[in-house]
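Fold and geometry: a report
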Amino acid sequence: MQPFVKVTGVVAPLDRVNVDTDQIIPKQFLKAVVRTGLGKGLFFDWRKDPDFVLNRPRYREAKILVARANFGCGSSREHAPWALADFGFRAVIAPSFADIFRNNSLKNGFLPVILKEEEVEAIFQAIEHHEEAYELTIDLTTQTVSDSAGWSARFEIGEFQKKCLLEGLDDVALTLMHEKEIAAYEAAHPVPYRF
Amino acid sequence: MAAETLFDKIWKEHVVYQQPDGPALLYIDLHLVHEVTSPQAFEALRNAGRKVRSPDRTFSTLDHDVPTINQLGPIADPDARLQVEEMRKNCRDFGLRLFDLGSHEQGIVHVIGPQLGITQPGLTIVCGDSHTATHGALGALAFGIGTSEVEHVLGTQCLWQNKPKSFEVRIDGRLSPGVSSKDLILGIIGRIGIGGGTGTVIEYRGSAIEALSIEERLTLCNMSIEGGARAGMVAADQKTVDYLRGRRYVPTGKDFDRAAERWLRYRTDDGARFDRSVVFDGASFAPQVTWGTNPGMVTDVTGRVPDPASFADPVQRESAERALRYMALKPGTPMVEIPIDRVFIGSCTNSRLTDLKLAAETVRGRKVAKSVNAMVVPGSWQVKDEAEKLGIDKIFKEAGFEWREPGCSMCLAMNGDMLQPGERCASTSNRNFEGRQGAGGRTHLVSPAMAAAAAVAGHFVDIRDWARN
Ligand code: SF4
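Criteria and cut-off values
Residues numbered from 1 in each chain as written. Chains lettered and ligands numbered in written order. Predicted model: local features only at pLDDT ≥ 70, side-chain atom pairs only at ≥ 80, totals over all residues. Heavy atoms only, no water. Near = heavy atom within 4 Å. 1 Å grid on protein atoms, 1.4 Å probe; cavity = no way out; pocket = protein on both sides within 12 Å on 5 of 7 lines; lining within 4 Å. Sits in = over half its atoms within 2 Å of the grid points. Nonpolar A, V, L, I, M, F, W, Y, C, P; charged D, E, K, R; others polar. Buried < 20%, exposed > 50% of the residue type's maximum accessible area, 1.4 Å probe, protein only. Helix = DSSP H or I, 4+ residues; strand = E, 2+ residues; numbered from the N terminus. Pairing = 2+ DSSP bridges. Axes fitted to C-alpha atoms, helices over the stretch in contact; angles between N-to-C directions. Parallel < 35°, antiparallel > 145°, perpendicular 65-115°, else oblique. Left-handed = near helix turned anticlockwise from the far one by under 90°. Contact = heavy atoms within 4.5 Å. Lys, Arg positive; Asp, Glu negative; His and termini not counted. Salt bridge = Lys/Arg side-chain N within 4 Å of Asp/Glu carboxyl O. Polar contact = N/O pair within 3.5 Å; in protein donor to acceptor, adjacent residues only side chain to side chain. Points joined across faces, edges and corners; volume = space filled by probe spheres on them.

1. Section: the site of the ligand
Residue and element names in this part refer to chain B. Near the ligand the following residues occur: His-64, His-110, Asp-129, His-131, Ser-347, Cys-348, Cys-408, Cys-411, Leu-412, Asn-430 and Arg-436. The cavity where the ligand resides is the largest cavity. Within the shell around the ligand, the residues separate by chemical class into 4 nonpolar, 5 polar and 2 charged.

2. A word on the pairing of strand E2 (residues 24–27) of chain B
All names here are of chain B. On E2, burial covers both faces: Ala-24 and Leu-26 on one face and Leu-25 and Tyr-27 on the other are all buried. Relative to strand E8 (residues 158–161), E2 is paired through 4 bridges, and the arrangement is antiparallel. Paired with Leu-26 across the two strands is Leu-159, which belongs to E8.

3. Considerations on the packing of helix H6 (residues 181–192) of chain B against helix H8 (residues 214–222) of chain B
Residue and element names in this part refer to chain B. Put simply, H6 and H8 touch, their axes get as near as 8 Å, and they point 25° apart. It follows from the interaxial angle that H6 and H8 lie roughly parallel. Here the hand of the crossing between H6 and H8 comes out right-handed. Side by side, H6 and H8 meet where Ser-181, Lys-182, Leu-184, Ile-185 and Ile-188 of the first sit next to Glu-216, Thr-219 and Leu-220 of the second. Class assignment of the residues belonging to the contact of H6 with H8 gives a composition of 4 nonpolar, 2 polar and 2 charged.

4. Here's the deal with the side chain of Glu405(B)
Residue and element names in this part refer to chain B. Mapped onto the elements of the fold, Glu-405 is located in the loop between strand E17 (402–403) and strand E18 (424–427). Buried within the structure, Glu-405 lacks any salt-bridge partner; Lys-384 is the closest side chain of opposite charge, at an N-O distance of 5.3 Å. Polar side-chain contacts of Glu-405 include one of 2.6 Å to the backbone nitrogen of Gln-71. Dropping the residues within four chain positions of it, Glu-405 is found in contact with Thr-68, Ile-69, Asn-70, Gln-71, Val-377, Trp-381 and Lys-384.

5. A short note on the packing of helix H2 (residues 39–47) of chain B against helix H3 (residues 78–94) of chain B
Residue and element names in this part refer to chain B. Where H2 contacts H3, the two axes come as close as 10 Å, and the packing angle between them is 40°. One way to sum up the angle between H2 and H3 is to call them oblique. Crossing angle aside, the handedness with which H2 passes H3 is left-handed. The segment H2 lies against H3, with Pro-39, Phe-42, Leu-45 and Arg-46 engaging Gln-83, Glu-86, Met-87, Lys-89, Asn-90, Asp-93 and Phe-94. Here the contact of H2 with H3 is built from residues that sort into 5 nonpolar, 2 polar and 4 charged.

6. Section: empty space enclosed by the protein
With the rule as written, the count across this model stands at 4 cavities of 30 Å³ or more. The volume enclosed by the largest cavity comes to roughly 220 Å³. Grouping the constituent residues of the lining of the largest cavity by class yields 8 nonpolar, 11 polar and 4 charged. In this structure, the second largest cavity spans a volume of roughly 140 Å³. If you go around the second largest cavity, you meet 17 residues; those closest to its centre are Cys73(A), Gly74(A), Ala98(A), Ile225(B) and Gly228(B). Residue classes in the lining of the second largest cavity are distributed as 9 nonpolar, 5 polar and 3 charged.

7. Some details on the sheet that holds strand E6 (residues 144–146) of chain A
All names here are of chain A. Ordered by their spatial adjacency, 7 strands build an open sheet running E4-E3-E2-E1-E5-E6-E7, and the pairing between neighbours is mixed. The open sheet terminates on both sides in strands that have one partner only, identified here as strand E4 (111–114) and strand E7 (152–154). Between one strand axis and the next, the sheet turns by 25° as a mean value, whatever way the strands run. Sheet topology places strand E3 (residues 91–94) next to E4; 4 bridges connect them, and they run parallel. Residue pairing in the sheet places Ala-94 in a bridge with Ile-114 of E4. Where helix H4 (residues 117–129) meets the sheet, its contacts fall on strand E1 (6–14), strand E2 (64–67), E3, strand E5 (135–139) and E7, and the angle it forms with E2 comes to roughly 115°.

Written as structure tokens, this is what we have:
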């Protein structure tokens, strides 16, 4: 997995609640058998609107997305964080995330950052009041989001997840270090089926 | 011993290792696999030179992008064909059971699990699909995962998980006639909101839940994810035991008796505490119809399309305005006056025998309105065969419905069954997101009986009025 330590970049505002994964990457792109190249399908239907935020030139290089509550709800498709990452995003900031989307993101070195409603609102305001593209820095080591004018906010993340992200650890390899415990469990719990 | 919830019991039993101040490594008893969310997982496994750890706990099927007409013929869409081929190859290479097209076991993954008896009380069950919550109806802990986690379970039969909070949804009393478990779950989501269950596992309890059949409970638990919850569950009881007896993968004889005795222990102890609780009266639920672009945008069939101005929160108001624009609905329109073009009866929410029977009863001796195109897609070959034995297919066909072959079909419209832009559909599936059933399509979620009645009337009707006629 690609590690996540510190990212600085333009923030694109997606001022919507309950953005579901069917919107992030519609079904026709789920027929892929690889993880790459999904950026072209990101928000496919919404991008047909020339005024959609990601169609504006200033957000072409955006690295951070900011949205409203319950981002990533609905389908479990991991194609959602894959598509966001393939488009160039490294993180999404929102007041809350759907559980599966959040898990999927963390497995891909793509950071879902939970900030308070008022902090998210402050970011939307800052974007609106900036002539130029507004940039933020997300630092995972200090668990902070900050801008160059001195605004900053802190976010929470589990110690274990933080370590995996910072070091880009391979989950499966990590788990196989517990081979003994897994084997013991299996010995005590036979397969419950009749074949 | 302290009183425990059903969820606590299953969780505790499955912790293989607890990371201090971190997630638990949880053992997974059953892993269900389908063609859309697994290819990248197998690829990663192959690249790392790893095997599937427990093929006897892994079952695969093809459902998401399979044709519903002439399923055994060539698949026209090359991408879908490739995914189906990949699934077959992966199952061959890794030694996994595949319920392939043409086998009697094939069907929607969440329909076949309970039906084959691989879904059992007390198990941990995962699948790369958010509606895995369905299986919780039999007293299991079942939740959806992403592709990286699919890879992880294939390779290790375990998952790292932080323990979710427990959420009691208690429904007292009884449901009124004409109100199904689909109406109940839509009503619950309307009340708790689509993010209302985030970070929790719901246990549905109370007398109204105990009174539901297993198939009705499956519908209920299925849509837990639409309320944001990781999982939904109902305690095992005698109905669960009776449902499982004699199914394909369930033990027999003395082994069955022993298993049944164990299964019945999977229930919440008296006095156990939940992190959160809500209580509703079963009689307070009416048949539901969604009006917007998420499942929480729902109202009683006797209601009207809401006025966005009535939402106090500006973000919610904006979102309702957007939804009404997309749905091409005017505030104040009575739900029963909304005309429809299409009807879809199917999906892992409502494609079991009970659902088809109810819908068939509703249309028996009637005709689908001329302006409506209606289809029924049974959830599995077993459901299809049983329905045909009962003559249910004939009732539908005589009424003017298409009778298709099993698969996800127009629930997510990956297989070519889809709405045209602007078409309006009464659907028994679980998601009314923009474009879910086809770009520009407009979906209203309803119960099977409500969908069937709408097909005949050409618009929504209150099924309770029909029952009286
Ligand atoms: S029927 Fe729909 S919700 Fe159920 S598994 Fe298939 S696509 Fe997913």
